[in-house]
Amino acid sequence: MSITIYHNPKCSTSRKVLDWLTEKGHTPKVVEYLKTPPDAATLKKILAAMGAEPADILRRKGEAYEALGDVARLKPDQLIAKMVAEPVLIERPIVVNGKRAVLCRPPEKVWDVVD
């Protein structure tokens, strides 16, 4: 099965997960999501595979998050639109393997979707 990692090379957790995958012999497709953000349809597909809501993958640090204000007032589609427009709002790394996906926080969660 094809493994994809939504990766930020500046993030130590993201680098650790990528290193673990390659050490285990996997060759994941690496998507540097800050340079190539997923579109709304892709984010919805990832969230469905995770059984999660947009708020579950929201990065709750930084200026972009603070600019959102009261996150609870945003509907899921509005939050997804914000993440697409400002991908720094997406927590990382996210690993997708077939129909399964996981936010690797802590990094050991990668083993929930990769054998």
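The structure we're discussing is the one just above.
Quantities reported herein were computed from a predicted structural model and do not represent experimental measurements.

Undergrad: Explain the sheet that holds strand β1 (residues 3–7) to me, please; I cannot follow it from the model alone.
TA: Within a sheet, adjacent strands bond to each other through the backbone by hydrogen bonds, running parallel or antiparallel. Strand order in the open sheet formed by four strands is β2-β1-β3-β4, and the pairing between neighbours is mixed. The sheet is open, and its two edges are formed by β2 (29–32) and β4 (100–103), each paired on a single side. Neighbour-to-neighbour, the strand axes of the sheet open up by a mean angle of 15°, direction not taken into account. The sheet strands contacting helix α1 (residues 12–23) are β1, β2 and β3 (94–97), and the helix crosses β1 at an angle near 160°. With respect to the sheet, helix α2 (residues 40–50) is in contact with β1, β3 and β4, its orientation differing from that of β4 by roughly 90°.

Undergrad: Honestly, helix α4 (residues 76–85) in this entry has me stumped. Any pointers?
TA: Each turn of an α-helix holds 3.6 residues, which means side chains three or four residues apart point in the same direction. Every buried residue of α4 is accounted for by Leu79, Ile80 and Met83. Projected down its long axis, α4 carries its buried residues within an arc of 100°, all on one side. Opposite the buried face of α4, at more than 90 degrees from it, the exposed residues are Asp77 and Ala85. For α4, the secondary structure elements touched by its buried residues are α2 and α3 (62–68).

Undergrad: How should I be thinking about α2 in this particular structure?
TA: Considered for burial, the residues of α2 that qualify are Leu43, Ile46 and Leu47. Taken down its axis, α2 places every buried residue within 100° of arc, on the same side. Opposite the packed face of α2, turned more than 90 degrees from it, sit the exposed residues Ala41, Lys45 and Ala48. Against β1, α4, β3 and β4 lie the buried residues of α2. Positive backbone phi, at 65°, marks Gly51, one or two positions downstream of α2.

Undergrad: Any chance you could explain the packing of aromatic side chains here in plain terms?
TA: For any two aromatic rings, the description comes down to two numbers: the centre-to-centre distance and the angle of the planes. If you walk through the whole model with that rule in mind, you get one aromatic pair. Look at Trp20 and Trp111: their rings are 6.0 Å apart centre to centre, the planes differ by 20°, and that puts the pair in the stacked class. Of this pair, Trp20 sits in helix α1 while Trp111 sits in the segment after β4; the two residues are 91 residues apart in sequence, bridging distant segments of the chain. Residue placement shows Lys24 over the ring face of Trp111; its charged tip is 5.8 Å from the ring centre.

About the cut-offs
- Residues numbered from 1 in each chain as written.
- Predicted model: local features only at pLDDT ≥ 70, side-chain atom pairs only at ≥ 80, totals over all residues.
- Heavy atoms only, no water.
- Pairing = 2+ DSSP bridges.
- Helix = DSSP H or I, 4+ residues; strand = E, 2+ residues; numbered from the N terminus.
- Axes fitted to C-alpha atoms, helices over the stretch in contact; angles between N-to-C directions.
- Contact = heavy atoms within 4.5 Å.
- Buried < 20%, exposed > 50% of the residue type's maximum accessible area, 1.4 Å probe, protein only.
- Arc of directions from axis to C-beta.
- Phe/Tyr/Trp six-rings, centres within 6.5 Å; stacked < 30°, edge-to-face > 60°.
- Lys NZ or Arg CZ within 6 Å of the ring centre and 35° of its normal.

Limitation: the analysis is restricted to geometry and does not speak to function.
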